[in-house]
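Coordinate inspection notes
Each chain, letter by letter, is given below.
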Amino acid sequence: MSKKEVITLEGVVEESLPNTIFRVILENGQKVLGILSGKMRKNYIKVTVGDRVLVEFSLYNLTKGRIIRRI
Amino acid sequence: MANIKIDSQAYNDLKISGKILRNILENLKKSVKIGTNLLEIENFVDKTICEQYATASFKGYDGFPSSVCLSVNDTIVHGIPFDYCIKSGDLVSIDLGIIYNDMFTDGAITLNFSQDNQDKILCQATQKALNNAIKIIKPGVKTGDIGNIIAQTAEQAKLKVIQDLSGHGTGKAVHEKPTIYNFGVKNHGIEIKSGDVLAIEPMFSLKSEKIINKNKWSIKTKNNDKSAHFEHTVIVTQNGVEIIT
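Under the annotation held in an unreviewed UniProt entry, chain B carries the name Methionine aminopeptidase and is attributed to Berkelbacteria bacterium GW2011_GWA2_35_9. The UniProt entry for chain B carries the following comment under Subunit (unreviewed entry): "Monomer."

An unreviewed UniProt entry annotates chain A as Translation initiation factor IF-1 originating from Berkelbacteria bacterium GW2011_GWA2_35_9. According to the UniProt record, the Subcellular location (unreviewed entry) comment for chain A reads "Cytoplasm". According to the UniProt record, the Sequence similarities (unreviewed entry) comment for chain A is "Belongs to the IF-1 family."

Following this line, the structure appears as structure tokens:
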């Protein structure tokens, strides 16, 4: 996927779900699902409820994204 | 998502709510000048809403302290009115929400007190993006189409779209589904149906796409550059849209 077709938005983790999936509330109030990216898993970056995270979305589906960073 | 039938009681209430909002914004457009204090605007809005037997939807929403959002220059939205007199060179965005008989409307304008050409283009392009978006809305259009046309307008004017903020559904609550981003891909997203109540709000800035949020409310541009914000609440009809604010 080309870089132009992805967008990163900031949010706060609201709920931790099974299989490293998290429910994230974005700045605009929308609730989305975020799955932990490979690099985050490889480096054992822990994400818990209340953490601010960067979520990367495809422009074709803005309801599911990849959590790429914890901020 | 609020979906209302045309000619119902809800439709009439929504229209009255929109009319109150439109009148207040038009009054402010004429009366707000260089030197006006933001707290004066807040008092005027509070007083006018009470006189019309309506309520301000923002006051108390998740703890927001005032009836109107006044965002100056680099503040994009959710600015809390404070003791500040408008100066020459300022861009002031006035965002207002009205509840009348449990029907919610939302509208915003940006007033330009600057002689700078860039600021003028910023305001004009944001207004144009809103008009372009409203023109294409009809039943069957998807949220991606609306976002795409807004982003295209920004690109033509060499401005940036604020990515983290978006338009939304309204009608029976301040924010409802669907989320209408100001960017997107054509033919993707949620389909708009007849009777839907939507708040379309393009937000552009000169350089920043990202935001910073230092306190709970006031959202600013990342590079401290100026931003503009226009908003209308619309009802989707069989043939197009009806602007109610």
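Attention now moves to the overall build of chain A. In terms of regular secondary structure, chain A is built from 1 helix and 5 strands. Listed N to C, the secondary structure of chain A is β-β-β-α-β-β in terms of helices and strands. Since a compact globule built from 71 residues should have a radius of gyration of about 11 Å, the 11 Å found for chain A is in line with a globular shape. Its C-alpha atoms give chain A principal-axis dimensions of roughly 30 × 30 × 20 Å. Residues counted as buried form 37% of the 71 residues belonging to chain A.

Pairing is mixed in the closed barrel, where 5 strands are placed in the order S1-S2-S3-S5-S4 (chain A). When the angles between neighbouring strand axes are averaged without regard to direction, this sheet yields 50 degrees.

Turning our attention to the environment of Lys222(B). For Lys222(B), the location among the structural elements is in the loop between strand S12 (219-221) and strand S13 (227-229). Sequence separation of Lys222(B) and Lys210(B) is 12 residues, and the distance between their C-alpha atoms is 5.6 Å.

A common way to report how large an interface is uses the accessible area buried once the components associate. Each partner contributes residues to the interface: chain B has 12 residues there, and chain A has 11 residues. In total, about 1,200 Å² of surface goes out of reach between chain B and chain A, with carbon and sulfur atoms giving 58% of it. Summed over the shared surface of chain B and chain A, the number is 0 salt bridges. For the pair chain B and chain A, the number of links is 5 residue pairs in polar contact (both at pLDDT 80 or more). The residue inventory of the side of chain B that touches chain A, partitioned by class, reads 5 nonpolar, 5 polar and 2 charged.

All names here are of chain B. When the UniProt feature table is mapped onto this chain, "binding site: a divalent metal cation 1" (unreviewed entry) is found at Asp95, Asp106 and Glu231. Their sequence span is 137 residues, while the largest C-alpha to C-alpha distance among them is just 8.0 Å; these annotated residues converge on one region. Assignment of secondary structure puts Asp95 in strand S4 (residues 91-100). A relative accessible area of 5% means that Asp95 is categorised as buried. Look past the residues within four positions of Asp95 in its chain and what remains in contact with it is Phe58, Val68, Cys69, Asp106, Gly107, Ala108, His229 and Glu231. Relative to the elements of secondary structure, Glu231 occurs in the loop between S13 and strand S14 (232-236). Overall, Glu231 belongs to the buried group, its relative accessible area being 2%. Aside from chain neighbours lying at most four places away, what touches Glu231 is Asp95, Asp106, Gly107, Ala108, Leu130, His168, Ala199, Ile200, Glu201 and Thr245.

Here we take up the UniProt feature "binding site: a divalent metal cation 2" (unreviewed entry) in chain B. All names here are of chain B. Under the UniProt annotation, the feature "binding site: a divalent metal cation 2" (unreviewed entry) is placed at Asp106, His168, Glu201 and Glu231. A maximum C-alpha distance of 10.6 Å places the annotated residues, which cover 126 residues in sequence, within one compact spot. Checked against the element boundaries, Asp106 lands in strand S5 (residues 103-112). The buried category is assigned to Asp106, whose relative accessible area is 4%. Beyond its immediate chain neighbours, meaning those up to four positions away, Asp106 contacts Leu21, Phe58, Asp95, Leu96, Gly97, His168, Ala199, Glu231, His232, Thr233 and Thr245. A polar contact of 3.4 Å, which involves the side chain of Asp106, links it to the side chain of His168. Once residues within four sequence positions are removed from consideration, His168 is found in contact with Asp106, Val174, His175, Glu176, Pro178, Ile180, Leu198, Ala199, Glu201 and Glu231.

Looking now at the packing of aromatic side chains. Residues and elements named next belong to chain B. Applying the stated criterion to the full structure yields 3 aromatic pairs over all chains. Measuring from centroid to centroid gives 5.0 Å for Phe64 and Trp217, while their planes differ by 85 degrees, and the two rings are edge-to-face. Linking Phe64 in the loop between strand S1 (55-56) and strand S2 (68-72) with Trp217 in the loop between strand S11 (211-212) and S12, this pair joins segments that are 153 residues apart in sequence. Trp217 matches Phe64 in its accessibility class, with the two residues each being buried. Plain terms: the ring middles of Phe82 and Tyr84 are 5.5 Å apart, the flat faces sit at 35 degrees to each other, and that makes the pair tilted. The class of Phe82 is partly exposed, set by a relative accessible area of 42%.

The rules behind the values
- Residue numbers here run from 1 along each chain, matching the order of that chain's written sequence.
- For this description, chains carry letters from A and ligands carry numbers from 1, given in the order in which they are written.
- Given that the model is predicted, a residue must reach a pLDDT of at least 70 before its local features are reported, and side-chain atom pairs must reach 80 or more before they are shown or counted; all residues, however, enter totals for whole chains, interfaces and linings.
- Water and hydrogen atoms were dropped before computing side-chain values, which therefore reflect all heavy atoms in the structure.
- UniProt positions are given in the numbering used here, feature names are shortened, and annotations may be inferred rather than shown by experiment.
- Each helix is a run of H or I in the DSSP string that is no shorter than four residues. Each strand is a run of E no shorter than two, and both are numbered from the N terminus.
- As a reference, a globule follows 2.2 Å times the number of residues to the power 0.38, and the radius of gyration itself is taken over C-alpha atoms.
- When a residue's accessible area, from a 1.4 Å probe over protein chains only, is under 20% of the maximum for its type it is buried; when over 50% it is exposed; and in between it is partly exposed.
- For two strands to pair, DSSP has to find at least two bridges joining them.
- Interaxial angle, 0 to 180 degrees, is taken between N-to-C directions of lines fitted to C-alpha atoms, where a helix line uses only the stretch in contact.
- Whether two residues are in contact is decided by their heavy atoms: any pair within 4.5 Å suffices.
- In this description, buried area is defined as the sum, over both parts, of the accessible area (probe of 1.4 Å) that is lost when the two are combined.
- Any Lys or Arg side-chain nitrogen located within 4 Å of an Asp or Glu carboxyl oxygen qualifies as a salt bridge.
- Here a polar contact is recorded for every N or O atom pair within 3.5 Å, except that within protein the pair must consist of a potential hydrogen donor and a potential acceptor, and residues adjacent in sequence are included only if both atoms are side-chain atoms.
- In this classification, Asp, Glu, Lys and Arg are treated as charged, Ala, Val, Leu, Ile, Met, Phe, Trp, Tyr, Cys and Pro as nonpolar, and every other residue, Gly included, as polar.
- Side-chain rings of Phe, Tyr and Trp (the six-membered ring for Trp) are treated as a pair once their centres are within 6.5 Å; stacked means planes under 30 degrees apart, edge-to-face means over 60, and tilted covers the remaining angles.

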